[in-house]
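# Working through the structure, step by step
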Amino acid sequence: MSVAHFLHSQLCSVPRQSPCLVKKIHAQIIKAGLNQHEPIPNTLLHAYGKCGLVEDAIQLFDALPRRNPVAWASLLTACNLANRPHRALSISRSLLTAGFDPDHFVFASLVKACSNLGALHVKQGKQVHVRFFLSPFSDDDVVKSSLVDMYAKFGLPDYGRAVFDSISSLNSISWTAMISGYARSGRKLEAFQLFRQTPYRNLFAWTALISGLVQSGNGFEALHMFVEMRHDGVSVTDPLVLSSVVGACSNLALWELGKQMHGLVIALGYESCLFISNAFVDMYAKCSDLVAAKYIFWDMSRKDVVSWTSIIVGSAQHGQAEEALGLYDGMVLAGVKPNEVTFVGLIHACSHAGLVSKGRALFRSMVEDYGIKPSLQHYTCLLDLFSRSGHLHEAESLIRTMPVSPDEPTWAALLSACKQHGNTQMAVRIADHLLNLKPEESSSYILLSNVYAGAGMWENVSKVRKLMMVMEVKKEPGYSCIDLGKESHVFYAGETSHPMKNEIIGLVRELDAEMRKRGYAPDTSSVLHDMDQQEKERQLFWHSERLAVAYGLLKAVPGTIIRIVKNLRVCGDCHTVLKLISTITNREIYVRDAKRYHHFKDGNCSCNDFW
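On a predicted model such as this, the values are computed, not experimentally measured, just so you know.

Tallied over the entire structure, the rule returns three cavities of 30 Å³ or more. The calculated volume of the largest cavity comes to roughly 100 Å³. Along the walls of the largest cavity sit 15 residues, with Ala253, Cys287, Arg563, Ile564 and Val565 positioned nearest its centre. Among the elements of the structure, β1 (479-483), β3 (562-566) and β4 (589-592) are those that each provide at least two residues to the lining of the largest cavity. Looking at the lining of the largest cavity residue by residue, the classes come out as 10 nonpolar, one polar and four charged. There is about 70 Å³ of room inside the second largest cavity. Every residue lining the second largest cavity is listed: Val508, Leu511, Asp512, Met515, Arg546, Val549, Ala550, Val577 and Ile581. If one sorts the elements of the lining of the second largest cavity by residue count, helix α29 (residues 501-517) sits on top with four residues.

In this section: the side chain of Asp140. Positionally, Asp140 belongs in the loop between α8 (122-133) and α9 (141-154). One buried charge, Asp140, has no salt-bridge partner; the nearest side chain with opposite charge is Lys144, at 8.7 Å. At 2.9 Å, the side chain of Asp140 and the backbone nitrogen of Val143 are in polar contact. Once you skip the residues sitting within four places of it in the chain, Asp140 turns out to touch His104 and Phe132.

This paragraph deals with the sheet that holds strand β2 (residues 488-492). Spatially, six strands are ordered β2-β1-β3-β4-β5-β6 in an open sheet, and the strand pairing comes out mixed. Both edges of this open sheet fall to β2 and β6 (604-605), since each of them pairs with a single strand only. When β1 meets β2, the two strands line up antiparallel, connected through five bridges. Each residue of the ladder has a partner; that of Tyr479, found in β2, is Tyr492. Those strands touched by helix α32 (residues 572-585) are β4, β5 (597-601) and β6, and its axis lies near 40° from that of β5.

To continue, consider the pattern of salt bridges. Applying the stated criterion across every chain yields a total of 19 salt bridges. Close ionic contact of Lys188 with Glu221 constitutes a salt bridge, the shortest N to O distance being 3.0 Å. Within this pair, whereas Lys188 is found in helix α12 (residues 188-197), its partner Glu221 is found in helix α14 (residues 219-231), the two being separated by 33 residues in sequence. Residue Lys188 is classed as partly exposed on the basis of its relative accessible area, which comes to 27%. The shortest N-O distance in the salt bridge between Glu396 and Arg400 comes to 3.1 Å. Pair noted here: Glu396 and Arg400 are both in helix α24 (residues 392-401), with a separation of four residues, about one helical turn. When its relative accessible area of 43% is taken as the criterion, Arg400 is described as partly exposed.

Moving on: the packing of helix α13 (residues 203-215) against helix α15 (residues 240-252). In contact at an axis separation of 9 Å, α13 and α15 are set at 20° when each is read in the N-to-C sense. Comparing their axes, α15 and α13 come out roughly parallel. Here α13 and α15 pass one another in a crossing that is left-handed. On the side of α13, the interface is formed by Leu203, Thr207, Ile210, Ser211 and Val214, while α15 contributes Leu240, Val241, Ser244, Val245, Gly247, Ala248 and Asn251. Of the residues that constitute the contact of α13 with α15, the class distribution is seven nonpolar, five polar and no charged.

Moving on to unusual backbone geometry. Look at Ala253: it is not a glycine, yet its phi comes out positive at around 55°. Looking at the secondary structure, you find Ala253 in the loop between α15 and α16 (255-268). Relative accessible area serves as the criterion here: at 11%, Ala253 is assigned to the buried category. At Ser288, a position not held by glycine, the phi torsion is positive, near 65°. With a relative accessible area of 7%, Ser288 lands in the buried category.

With that settled, consider the side chain of Asn567. As for its placement among the helices and strands, Asn567 is situated in the loop between β3 and α32. Separated by 2.8 Å, the side chain of Asn567 and the backbone nitrogen of Tyr479 make a polar contact. Beyond its immediate sequence surroundings of up to four residues, Asn567 is in contact with Glu476, Pro477, Gly478, Tyr479 and Ala594.

Turning next to helix α11 (residues 172-184). Taking 1.5 Å per residue, 13 residues should reach 18 Å; α11 reaches 18 Å between its end C-alpha atoms and fits that length. Among the 13 residues in α11, 11 count as buried, and that is most of the element. All buried positions along α11 are accounted for by Ser172, Ser174, Trp175, Thr176, Ala177, Met178, Ile179, Ser180, Gly181, Tyr182 and Ala183. Where α11 is buried, its residues meet α9, α10 (157-166), α12 and α13. The N-terminus of α11 is capped by Asn171, whose side-chain oxygen sits 3.1 Å from the backbone nitrogen of Ile173.

What follows is about a nonpolar patch on the surface. Taken together, the side chains of Val130, Phe133 and Leu134 present a nonpolar region at the surface, about 360 Å² in accessible area. Structurally, Leu134 is set in the loop between α8 and α9. The exposure class assigned to Leu134 is exposed, which follows from its relative accessible area of 66%.

Definitions and cut-offs
- Residues numbered from 1 in each chain as written.
- Predicted model: local features only at pLDDT ≥ 70, side-chain atom pairs only at ≥ 80, totals over all residues.
- Heavy atoms only, no water.
- 1 Å grid on protein atoms, 1.4 Å probe; cavity = no way out; pocket = protein on both sides within 12 Å on 5 of 7 lines; lining within 4 Å.
- Points joined across faces, edges and corners; volume = space filled by probe spheres on them.
- Helix = DSSP H or I, 4+ residues; strand = E, 2+ residues; numbered from the N terminus.
- Nonpolar A, V, L, I, M, F, W, Y, C, P; charged D, E, K, R; others polar.
- Buried < 20%, exposed > 50% of the residue type's maximum accessible area, 1.4 Å probe, protein only.
- Lys, Arg positive; Asp, Glu negative; His and termini not counted.
- Salt bridge = Lys/Arg side-chain N within 4 Å of Asp/Glu carboxyl O.
- Polar contact = N/O pair within 3.5 Å; in protein donor to acceptor, adjacent residues only side chain to side chain.
- Contact = heavy atoms within 4.5 Å.
- Pairing = 2+ DSSP bridges.
- Axes fitted to C-alpha atoms, helices over the stretch in contact; angles between N-to-C directions.
- Parallel < 35°, antiparallel > 145°, perpendicular 65-115°, else oblique.
- Left-handed = near helix turned anticlockwise from the far one by under 90°.
- Expected span 1.5 Å × (residues − 1).
- Patch = residues over 30% accessible without salt bridge, like charges linked within 9 Å, V, L, I, M, F, W, Y side chains within 5 Å.
- Areas by Shrake-Rupley, 256 points an atom, 1.4 Å probe, with all protein chains shown as cover.

Written out as structure tokens, the structure reads:
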């Protein structure tokens, strides 16, 4: 074997994240005088990209005496491999400005870069498509398959289908990309139809369908398809589909099914896979089993930013602020750079503990130390921190001066804080502003009505009700889901058709009577209807979470935690009721509502009564 062949084979076998090895081989190539020996320069570019050394790849490229299409494609591929799509597109502008005509390899790399940038860069993607269409390579099926994938990631399946239908020789990649495009856009019927038609019903096609369904919020359908895949005997040789199914369990808070998936992952030998472990940390945290989430986290031999962020956010969401902040210190000491999601969790944790100075410092560090541009979510978390802690004027100043436009929930959160802290004057001012926005959420109208009623502004109360009718605002039906292992039940507000209706209502009445003995008085302020007090109390009595808890008390194994997922926010009265029920029955009740996680135990809640 020649020296050139030996060094080239070494470059080809360099593993990812081995920058020192690449540079060592590069030094040997220079010493041997082979730095211009084809195909070594292009392979070296690829190796630098694989190891994330984009700037080294660019420096090598600039030193090439001849820059052929393969060299350009290798450089762009290096950027994509290093997850630097912005750099790839900036390099491509130099390429096009120089009058260079891209070939099919370069086009494939450019399309890949646009795909990695996501839907915010649709314009660039379409421009590349037009240039490809007008080029001599417009019939290249590989580039077309990449375009189908790009449009799938952009959420434009119809554009992708037009390209898909123009491909002369459809392969597995084309079919998989198109199935994914329909599934992730929520177009289930078309995704299923195409999946049934494909001649490539392999693991990758199944993964595309299942992952797409999970991403579009169709978790139950994804789980059914996974069961069908297992029945078909498809061998799981790649764990990506498993992480998608675990993600579905996370979104739906299916704790028992998540545990079963954990067993399957162990049986298949993928428990040491980093992104699978990350998925389980997230799943257990979202299913309110923080003990299991922490066990998996600390047992991981390697932890990346997703690992640390998942456990930090999980701890913050469950009201364990000091734990979340301690984990962040450990993350920094481990040399792992936090991302924007990490800071969302940290500032959220500070708001639970009233750590205003710490929250300000973290927000400042995010911008100054890590160069992260704050999003609306970051400002909302900071606003929540100020509001919870009674710094209402600072919160109002923030919401009026922040560079991103506050949305309806952000104004409503500030208004709720004003009401909570009894600042009627500011509450009325914020309410007037929110009312002028003509909100769409029914919860905003309830809040507005209560604020105006508390200030004795009955004309405004009437105005809110009229506007609600004009805007045709309808309250989303409330429902609560309880997971009991082999079975899960969904209860809707006012449920009347359940087979155990009599037993459930009987227990709710018993609990209601006991609570009243302990001084409970229903809070009907969340009921926005013209009806008498008795009828308002009856509406509260039929709220879905009370029915779900009663069913859990009747059916769950004695002493076990009752886990409930609710589609709306828990109202103030139900929050009080669940605290009392946890005391009366000596049971822990976990509720994941549309905004927060609530751990009810011994008459207390992890949210500290602010949600």
